[in-house]
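# Coordinate inspection notes
Here is what each chain is made of, one letter per residue.
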Amino acid sequence: MRILMLGGNGFVGRAIVDDALAQGYEVTSFSRGKSGSPLPPGVTQLIGDRETGDYSALRTGEWDAVVDTSGFRTRDVDQAMDVLGDRVGRYVFISSHAVYVRDLPAGTDETAPRREPLRDADVLTNDTYGRCKVACEDDVVERYGDRATLVRPGRVTGPGDSSGTALYWIRRGARGGRVALPTKPEAPLQLVDSRDVAGLITRLVTDNRAGAYNAIGPDSTIAELIRTAAELSGSTVDIVPVPFDAVPRRFPLMDPEAEWGERRRNPAKARAAGMPVTPLRTTVADVLQWDHDRGTPPLTIGLTPEAEATLLTQHNLPG
Ligand SMILES: NC(=O)c1ccc[n+]([C@@H]2O[C@H](COP(=O)([O-])OP(=O)(O)OC[C@H]3O[C@@H](n4cnc5c(N)ncnc54)[C@H](OP(=O)(O)O)[C@@H]3O)[C@@H](O)[C@H]2O)c1
């Protein structure tokens with residue numbers, strides 16, 4: 001099986017590359033060559049830039065499937081599809097759970113209503129990102145039909161996740177002590193391990209499956225994430241709820257309660273297609289190890305220990 005990765009060196013892309021190599025696939029990666037760590041031996045690296053429309057490195061070659069991890073606006077997918085045409089058997093577009101309308105109840109599946117498509121946006125924000133992915137999905141399905149596959153990950157973490165979003169809480173649990181939590185401890189999560197997203201994608205490619213798949217992880221809660229990291233690190237934590245508005249907007253993994261249905265989606269279709277499910281404990285242990293190995297660089301999101309202590313004191317909660 002020959003697979004072309006658009007973005008094989010990114011966080012999720014690299015997990016897919018590793019899984020594809022383990023399946024014995026021949027792997028080619030196309031990107032600017034800026035992100036992540038060097039690709040493993042045996043992967044052919046092609047350099048180009050989707051922002052400037054430089055796809056010249058893709059003018060020749062044939063692949064059984066392309067996996068597009070770096071398409072965000074319709075011009076990205078349209079230009080890639082124009083260049084690749086029928087030289088790829090299947091187009092797997094990595095979309096997002098952000099395609100769905102907000103405020104859905106718990107338990108919805110891939111048939112849930114999507115947001116209004118948006119073909120382009122100067123800046124990808126919380127409001128435009130999901131809508132642009134909807135328009136990309138539509139273009140890919142229109143062009144490839146039964147040869148199109150849409151994968152919609154929820155919040156992804158795992159070794160290599162430098163976004164800091166899940167890592168903030170994993171590190172916070174590992175540090176122990178009184179943890180200021182700007183939500184209820186039972187706030188739901190479905191963090192998905194990047195290696196499980198990768199496992200789903202190679203399965204879908206191998207089995208030549210079309211359609212849309214929610215790639216989401218096991219049901220857990222924010223308190224379980226924090227306590228798991230504490231236990232694995234030999235720490236103890238005391239979780240102290242603080243007001244939601246006591247921390248900056250878009251605080252890591254915090255969403256208003258009205259949007260919690262987004263964290264209880266139905267994973268049945270992807271699981272039936274063979275998606276693996278790494279236990280949360282394994283994911284957290286592997287993220288801690290990866291973070292330790294890279295020297296735990298400072299995070300630019302979340303609260304510093306000093307700011308957290310001040311917050312706890314302000315709310316009459318000793319830090
Ligand atoms: N991470 C999550 O929680 C999450 C959740 C849902 C959906 N997703 C989706 O999953 C996909 C991958 O996300 P990620 O977190 O793995 O992203 P990432 O780590 O930022 O990787 C982005 C990849 O795209 C390549 N790229 C960026 N700009 C490019 C350009 N102008 N031309 C060519 N290649 C370019 C990068 O390589 P170079 O820098 O070398 O060009 C890299 O390989 C995205 O489509 C994202 O929307 C992610």
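In the annotation of an unreviewed UniProt entry, the chain is listed under the name NAD-dependent epimerase/dehydratase family protein and assigned to Kribbella soli.

### Here's the deal with the UniProt feature "domain: NAD-dependent epimerase/dehydratase" (unreviewed entry) in the chain
UniProt tags residues 3-39 and 87-212 as "domain: NAD-dependent epimerase/dehydratase" (unreviewed entry). Annotation note: span residues 3-39, helix share 32%, strand share 27%, distance between end C-alpha atoms 15 Å. The annotated region residues 87-212 carries 32% helix and 21% strand content, and the separation between its end C-alpha atoms amounts to 22 Å.

### A few points about helix 2 (residues 74-84)
For helix 2, the set of buried residues is Thr74, Asp76, Val77, Ala80, Met81 and Leu84. Taken around the axis of helix 2, the buried residues stretch over an arc of 160 degrees, which confines them to a single face. Looking at the buried side of helix 2, the elements it contacts are strand 1 (2-6), strand 4 (63-68), strand 5 (88-94) and helix 3 (129-144). Gly85, located one to two residues past helix 2, shows a positive phi value of around 50 degrees.

### What to know about helix 6 (residues 222-233)
With twelve residues, helix 6 extends 17 Å from end C-alpha to end C-alpha; this agrees with the ideal 16 Å at 1.5 Å per step. Every buried residue of helix 6 is accounted for by Ile222, Ala223, Leu225, Ile226, Thr228, Ala229 and Ala230. Buried-residue contacts for helix 6 involve helix 4 (165-175), strand 8 (177-181), strand 9 (188-189), strand 12 (220-221), strand 13 (237-241) and helix 8 (280-293). Among the residues trailing helix 6, Gly234 stands out with phi positive, at a value near 70 degrees.

### Structural notes on the packing of helix 4 against helix 8
Relative to each other, helix 4 and helix 8 sit at 90 degrees, their axes nearing to 11 Å. By the angle between their axes, helix 4 is roughly perpendicular relative to helix 8. Between helix 4, through Leu167, Ile170 and Ala174, and helix 8, the contact on the second element is made entirely by Val284, Val287, Leu288 and Asp291. Looking at the contact of helix 4 with helix 8, its residues break down into six nonpolar, no polar and one charged.

### Focus on the sheet that holds strand 4
The strand order across the open sheet built from seven strands is 3-2-1-4-5-6-11, with neighbouring strands paired in parallel fashion. Looking at which strands have only one partner, the edges of the open sheet turn out to be strand 3 (44-47) and strand 11 (211-215). Pairs of neighbouring strands in the sheet enclose a mean axial angle of 20 degrees, with direction left out of account. As defined by bridge partners, strand 5 adjoins strand 6 (residues 148-153) across four bridges and the pair is classed as parallel. Considered in strand 6, the bridge of Val92 is made with Thr149.

### As for the site of the ligand
The local shell around the ligand holds 21 residues, among which Gly7, Gly10, Arg32, Ser35 and Ser70 are the closest. No other element matches helix 1 (residues 11-22), which puts three residues into the shell around the ligand. The class makeup of the residues in the shell around the ligand is five nonpolar, ten polar and six charged.

### Re the pairing of strand 5
In summary, the side chains of a regular strand alternate between the two faces of the sheet. With six of seven residues buried, strand 5 is to be regarded as a mostly interior element. Tracing the backbone out of strand 4, into helix 2 and back to the parallel element strand 5 gives a crossover that is right-handed. A crossover links strand 5 with its parallel partner strand 6, the connecting element being helix 3, and its sense is right-handed.

### So, the domain arrangement of the chain
Structurally, the chain comprises domain 1 (2-157 + 191-215) and domain 2 (165-190 + 220-262 + 279-314). On a C-alpha basis, the centroid separation for the pair domain 1 and domain 2 is 29 Å. In this assembly, 13 residues from domain 1 lie in contact with twelve residues from domain 2. Looking at the side of domain 1 that touches domain 2 residue by residue, the classes come out as five nonpolar, four polar and four charged.

### Observations concerning the environment of Asp291
Assignment of secondary structure puts Asp291 in helix 8. In this structure the C-alpha to C-alpha distance between Asp291 and Asp161, which are 130 residues apart in sequence, comes to 9.0 Å. Those residues within four positions of Asp291 in sequence are excluded, and the remaining contacts are Leu167 and Thr296.

What counts as what
Residues numbered from 1 in each chain as written. Predicted model: local features only at pLDDT ≥ 70, side-chain atom pairs only at ≥ 80, totals over all residues. UniProt positions renumbered as here; feature names shortened; annotations may be inferred. Helix = DSSP H or I, 4+ residues; strand = E, 2+ residues; numbered from the N terminus. Buried ≥ 20, exposed ≤ 12 C-beta atoms within 10 Å, placed from the backbone. Arc of directions from axis to C-beta. Contact = placed C-beta atoms within 7 Å. Expected span 1.5 Å × (residues − 1). Axes fitted to C-alpha atoms, helices over the stretch in contact; angles between N-to-C directions. Parallel < 35°, antiparallel > 145°, perpendicular 65-115°, else oblique. Nonpolar A, V, L, I, M, F, W, Y, C, P; charged D, E, K, R; others polar. Pairing = 2+ DSSP bridges. Near = placed C-beta within 6 Å. Right-handed = clockwise from strand over helix to strand, strands pointing away. Domains from an automatic or database assignment.

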